[in-house]
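# Fold and geometry: a report
So you can see what is in the structure, the chains are spelled out below.
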Amino acid sequence: MPAEKRVEKITDMNLDFPQWYTDVVRKADLADYSETGGCIIVRPYGYGVWELITAHLDAKFKETGHENMYMPLLIPESLLEMEKDHIEGFAPEVAWVTHAGNEELTERFYIRPTSEPLFSAHYAKRIQSWRDLPCLYNQWCTVMRWEKTTRPFLRGREFMWQEGHTAHATKEESLAEALMILDIYSNFCENVLCIPVIKGQKTEREKFAGAMSTYTFEALMHDGKALQSGTTHDFGDKFARVFNIQYTDKNNQLQYATQSSWGVSSRLVGAIIMVHGDNNGLVLPPGVAPVQLMVVPVAAHKPGVREKAEEIRARLAKTLRCKIDNTDHAPGWKFAECEMKGIPLRLEIGPKDIENNQCVLVRRDTGEKITAPLDGIEKTATALLEEIRLNLFARAKARQESQTFTAQSVPELKQILDTTPGFVKAMWCGADACEVRVKEEATATSRCIPFTQERVGETCFVCGGTAEKMVVWSRAY
RNA sequence: CGGGGAGUAGCGCAGCUUGGUAGCGCGCUUGGUUCGGGACCAAGAGGGCGCAGGUUCAAAUCCUGUUUCCCCGACCA
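Residues numbered from 1 in each chain as written. Chains lettered and ligands numbered in written order. Predicted model: local features only at pLDDT ≥ 70, side-chain atom pairs only at ≥ 80, totals over all residues.

Before going further, it helps to spend a moment on the protein's contact with RNA strand B. Taken together, 47 residues surround RNA strand B, and among them Glu93, His301, Ala330, Gly332 and Gly350 come closest. Broken down by secondary-structure element, the contributors of at least two residues to the surface near RNA strand B are helix H1 (2-6), helix H2 (17-27), helix H5 (84-90), helix H11 (331-340), helix H12 (351-356) and strand E18 (358-363). Of the residues in the surface near RNA strand B, the class split is 23 nonpolar, 12 polar and 12 charged. (Near = placed C-beta within 6 Å. Helix = DSSP H or I, 4+ residues; strand = E, 2+ residues; numbered from the N terminus. Nonpolar A, V, L, I, M, F, W, Y, C, P; charged D, E, K, R; others polar.)

Have a look at this one:
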């Protein structure tokens, strides 16, 4: 009893969400701070989650015809001159390489914040004929953006991501690509990460620097703030005209190629934490849990327990990611640890269970304890993991719906966000000035123009003009 | 970039007001007893106080500069 008081608990998420987030990151051992300012150390457990994310997505990219390749980390300054909007968007956060040893370089290089210029320059060389199209490339790498404020996984100076870059013959094709990838992303988010998302298009103000149109999927975090979880961009021929990416079509006519780019980053790990986590720590969706089931032997010193527990682990390891906790901590410590790390299922087995040829399964999502026969435990565990997956999504979906509102005026939007943060749907006339006013008066930004439109009012909620689109607004990370 | 907070043992903190050469809890090591919700006893190891200057006989403690981290805001791909 006094022992329990000494245990450092994580901060209550309802009292101090940012602190809770940091506590989870560190106590679940996902990441640590590094000696390099603004850059985190991704610990093996956090990297394990990322590896599973990459494995799922990489398979999807390949299924849809994409190939992985790798571009240099450094980009010569000369390429920076080329796409004006793009550069203006990135320039403030670009890090430069100016010296080699003590020698000042004649041409400076910048560390990629994203690789559109390199891919575009490459396409300009490689693409000659309609037969060279499409080019469907992707690279897994890290990028650098010199952020002023950072948060583990959510915003860092260097972060892990994937950037797809494609070139096509027509505007229809580059648009179709951007939309198809958006579906891959959002399906992955919903089915594997169990995070419900709203898909839509970014407004002119919020779109990617240099893009013709940007598509996004937005998720709602536990504290009611939105997280842009990934984006896809259709460039049309904008970059092609700057980089001179031209090909000869079937009619021997010179044409500009069209392009798309798309990316998701290790920010998804942050989304998982903030959507599913609770006051006991992390809650991992089974699909990306490095350990899906932890076997915890109870009274391991008693004859036969350790052996039996190991036997169960070996059986389960054939069908799922499974470990056994053979440390000499007390069982209660191990239980708490499993919870902190978000392991979806815990299997407790002790002398009493062995006597009855059973074990106790504990769900991380509900805390429910289930006594299950050892015979057929593989099937029981697998079925439970599937139930957990469905429940996590259903739970997050219900919360998102309960935190989605509509507003008829900017003061109403502000009032909602000040009291019950979430998504707010409101009609918009399409004018940039109105969007700016929302930002100034309610400190909210447009998250997206959802693909699934509904009319939640008759006129623009800012100016009262003709309502063009329903837009989802919120405060965002 | 603006406002606020903080850097003392691996982690969480106290000590700075009133300078005298660093302490507590957890963790760690060893031995023993334990083991179904963060066990207990005993014996140990470990830091010179973010960094750089300055004042002083003497600096975690005072002064100056600098850096890193956290929170809020601005900015943001």
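Turning to the domain arrangement of chain A, a few remarks are in order. The accessible area lost on association of the parts is a frequent measure of interface size. Assigned domains of chain A: these are domain 1 (17-73 + 120-276), domain 2 (291-387) and domain 3 (404-474). Taken over C-alpha atoms, the centre of domain 1 sits 37 Å from the centre of domain 2. (Domains from an automatic or database assignment.)

This part covers the sheet that holds strand E6 (residues 103-111). What the 3 strands build is an open sheet, ordered E4-E6-E5; its pairing is antiparallel. Of all the strands in the sheet, just strand E4 (74-76) and strand E5 (96-100) have a single pairing partner and so form its edges. Each strand axis lies, on average, 45° off the axis of its neighbour in the sheet, ignoring direction. One ladder, built from 4 bridges, connects E5 with E6; its direction is antiparallel. Bridge pairing in E6 places His99 opposite Glu104. (Pairing = 2+ DSSP bridges. Axes fitted to C-alpha atoms, helices over the stretch in contact; angles between N-to-C directions.)

The next point concerns the nonpolar core. Counting 99 residues, the largest nonpolar core has Ile195, Leu293, Val295, Leu347, Leu413 and Ala426 as its most contacted members. Among the elements that take part in this core, helix H7 (residues 171-191) stands out by supplying 8 residues, more than any other. Leaving out residues up to four positions away in the same chain, Leu347 has contacts with Leu293, Val295, Val296, Ile312, Cys359 and Leu361. Counting residues in each nonpolar core, the second largest holds 19 residues, with Ala167, Ala169, Ala211 and Ala257 among its members. (Core = buried A, V, L, I, M, F, W, Y, C linked by C-beta atoms within 7 Å. Buried ≥ 20, exposed ≤ 12 C-beta atoms within 10 Å, placed from the backbone. Contact = placed C-beta atoms within 7 Å.)

A few words now on the packing of helix H14 (residues 410-419) against helix H15 (residues 432-442). Direction vectors running N to C along H14 and H15 enclose 45°, while the axes themselves pass 10 Å from each other. With respect to H15, the element H14 is oriented oblique. Note on packing geometry: the crossing formed by H14 with H15 is right-handed. Every residue of H15 that contacts H14 at Val410, Leu413, Lys414 and Leu417 is listed here: Arg437, Val438, Glu441 and Ala442. (Parallel < 35°, antiparallel > 145°, perpendicular 65-115°, else oblique. Left-handed = near helix turned anticlockwise from the far one by under 90°.)

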